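Commentary on secondary and tertiary structure
What follows is the residue order along each chain.
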Amino acid sequence: MFDENRPKIALEKTTLDNFLDIFSFGILAVALFYTILSYNALPKQVPMHFNYSGTITRYGDKSSIWFLNIIGFATVYGLYYLNKFPQIFNYPQKITLANAKKMYSDATRMIRLLSLSIALLFSIITFEIIQVSLNQTKAISTVANYLLMGIVILMTIGPIIYMVINLKMKKI
């Protein structure tokens, strides 16, 4: 729960933190560049929704592909900005000056990993929509389908696993 008395400390970003931030934006930049290069070759209608097996279930105007790029960048930037204020996050224990650095570092790392996952999701979806549109196939690739499902599952259970491992390490 948010506590206004939480310590506000300056966290130093590690090399991994910088890498995760840059990589997240970089993946989205590659997807945007690919969209720009492919846009004129796309048909007027592109697939916008796929079912669990990767089959197209809805088409939309080709201009709607820009929304994936915009939403991806907005989400990743929002998480990047949010990471500047770790004292407002929810934590499973009281934050004190003694544990603030560890708790804030863990929380901001988890947000960076979430940001990377979201960047991967939006980029893979953009890539697959363009590929399906240009190749006139009826479904996204099996590899992409499994990647998307895997990322969503990891985004869901990853933080829980991380928390359990961290709690076990504290007891040792």
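Residues numbered from 1 in each chain as written. Predicted model: local features only at pLDDT ≥ 70, side-chain atom pairs only at ≥ 80, totals over all residues. Heavy atoms only, no water.

Regarding the pairing of strand E1 (residues 45-50)
Let me state the cut-off plainly: The pairing criterion is simple: DSSP has to find at least two bridges between the two strands. For the purposes of this entry, the term helix denotes a DSSP run of H or I that reaches at least four residues, the term strand denotes a run of E that reaches at least two, and both are numbered from the N terminus.
As paired strands, E1 and strand E2 (residues 56-61) are joined by five bridges and run antiparallel to one another. What sits directly across from His49, in E2, is Arg58. In this antiparallel pair of consecutive strands, E1 and E2, the connection spans five residues, and Gly54 shows a positive phi of 95 degrees.

Section: the packing of aromatic side chains
Under the convention used in this document: Here the aromatic set is Phe, Tyr and Trp, taking the six-membered ring for Trp, and pairing holds for ring centres within 6.5 Å; pairs whose planes are under 30 degrees apart are stacked, those over 60 apart are edge-to-face, and all others are tilted. For the exposure calls, accessible area comes from a 1.4 Å probe over protein chains only, and a residue counts as buried if that area is under 20% of its type's maximum, exposed if over 50%, partly exposed in between.
Taken as a whole, this structure holds nine aromatic pairs when the rule is applied. Between Tyr39 and Trp66, the aromatic rings sit 5.1 Å apart at their centres with planes inclined by 40 degrees, giving tilted as the arrangement. Remark: Trp66 occurs in helix H2 (residues 65-82) and Tyr39 occurs in the loop between helix H1 (15-38) and E1; sequence separation between them is 27 residues. Classification of Tyr39 as buried rests on a relative accessible area of 18%.

Quick word on the confidence of the model for the protein
Rules: Known as pLDDT, the predictor's per-residue confidence is scaled from 0 to 100.
Of the residues in the protein, 94% have a pLDDT of 70 or more, and the chain-wide mean is 89. Confidence scores differ between elements of the protein, with helix H4 (residues 142-171) showing the lowest mean pLDDT of 81 and H1 the highest of 97.

Digging into the packing of H2 against helix H3 (residues 100-135)
Formally: Every angle, taken between N-to-C directions, lies between 0 and 180 degrees, and every axis is a line fitted to C-alpha atoms, over only the stretch in contact when it is a helix. For this classification, under 35 degrees means roughly parallel, over 145 means roughly antiparallel, 65 to 115 means roughly perpendicular, and everything else is oblique. It only takes one pair of heavy atoms within 4.5 Å for two residues to be counted as in contact.
Contact geometry for H2 and H3: axes closest at 9 Å, N-to-C directions at 175 degrees. Compared by their axis directions, H2 and H3 come out roughly antiparallel. Across the interface between the two elements, Ile65, Leu68, Asn69, Ile71, Gly72, Thr75, Val76 and Leu79 of H2 pack against Ile111, Leu114, Ser115, Ile118, Ala119, Phe122, Ile125, Thr126, Ile129 and Ile130 of H3.

Details of H1
One full turn of an α-helix is made of 3.6 residues, so residues set three or four places apart face in the same direction. We apply this condition: Take the number of residues in a helix, subtract one, and multiply by 1.5 Å to get its expected span.
With 24 residues, H1 should cover 34 Å at 1.5 Å per step; its first-to-last C-alpha distance of 34 Å lies within 8% of that length. Among all positions of H1, only Asp17, Leu20, Asp21, Ser24, Ile27, Leu28, Ala31, Thr35 and Ser38 are buried. Buried-residue contacts for H1 involve H2 and H3.

With respect to empty space enclosed by the protein
Using the following cut-off: In this analysis the probe radius is 1.4 Å and the grid spacing 1 Å, with only protein atoms considered; a cavity is a set of points the probe fits into but cannot get out of, a pocket is an open set with protein on both sides within 12 Å along at least five of seven lines, and lining residues have an atom within 4 Å of a point. Grid points are joined across faces, edges and corners, and a volume is the space filled by probe spheres set on the points. Residues are sorted three ways: Asp, Glu, Lys and Arg are charged, Ala, Val, Leu, Ile, Met, Phe, Trp, Tyr, Cys and Pro are nonpolar, and all the rest, Gly among them, are polar.
All chains considered together, the criterion is met by one cavity of 30 Å³ or more. Estimates place the volume of the largest cavity at around 40 Å³. Lining the largest cavity we find Asp21, Ser24, Phe25, Val76, Leu79, Tyr80, Asn83, Ile111, Arg112 and Ser115. Among the elements of the structure, H1, H2 and H3 are those that each provide at least two residues to the lining of the largest cavity. The residue inventory of the lining of the largest cavity, partitioned by class, reads five nonpolar, three polar and two charged.

Here's the deal with the layout of surface pockets
Each pocket or cavity is described by its volume, and for the largest pocket that value is around 770 Å³. Where the lining of the largest pocket is concerned, the elements lending two or more residues are H3 and H4. In terms of residue count, the dominant contributor to the lining of the largest pocket is H3 (eleven residues). Here the lining of the largest pocket is composed, by residue class, of 17 nonpolar, five polar and four charged.

Overview of a nonpolar patch on the surface
Note the threshold: Candidate patch residues must exceed 30% relative accessible area and have no salt bridge, after which like charges are joined if within 9 Å and Val, Leu, Ile, Met, Phe, Trp or Tyr side chains if within 5 Å. Surface accessibility follows the Shrake-Rupley procedure with a 1.4 Å probe radius. Residue values consider only the protein chains on display as shielding. By salt bridge we mean one thing: a side-chain nitrogen of Lys or Arg within 4 Å of a carboxyl oxygen of Asp or Glu.
Taken together, Tyr146, Met149, Ile153, Ile157, Ile161 and Ile165 make up a surface patch of nonpolar side chains, about 580 Å² in accessible area. Within the fold, Met149 resides in helix H4.

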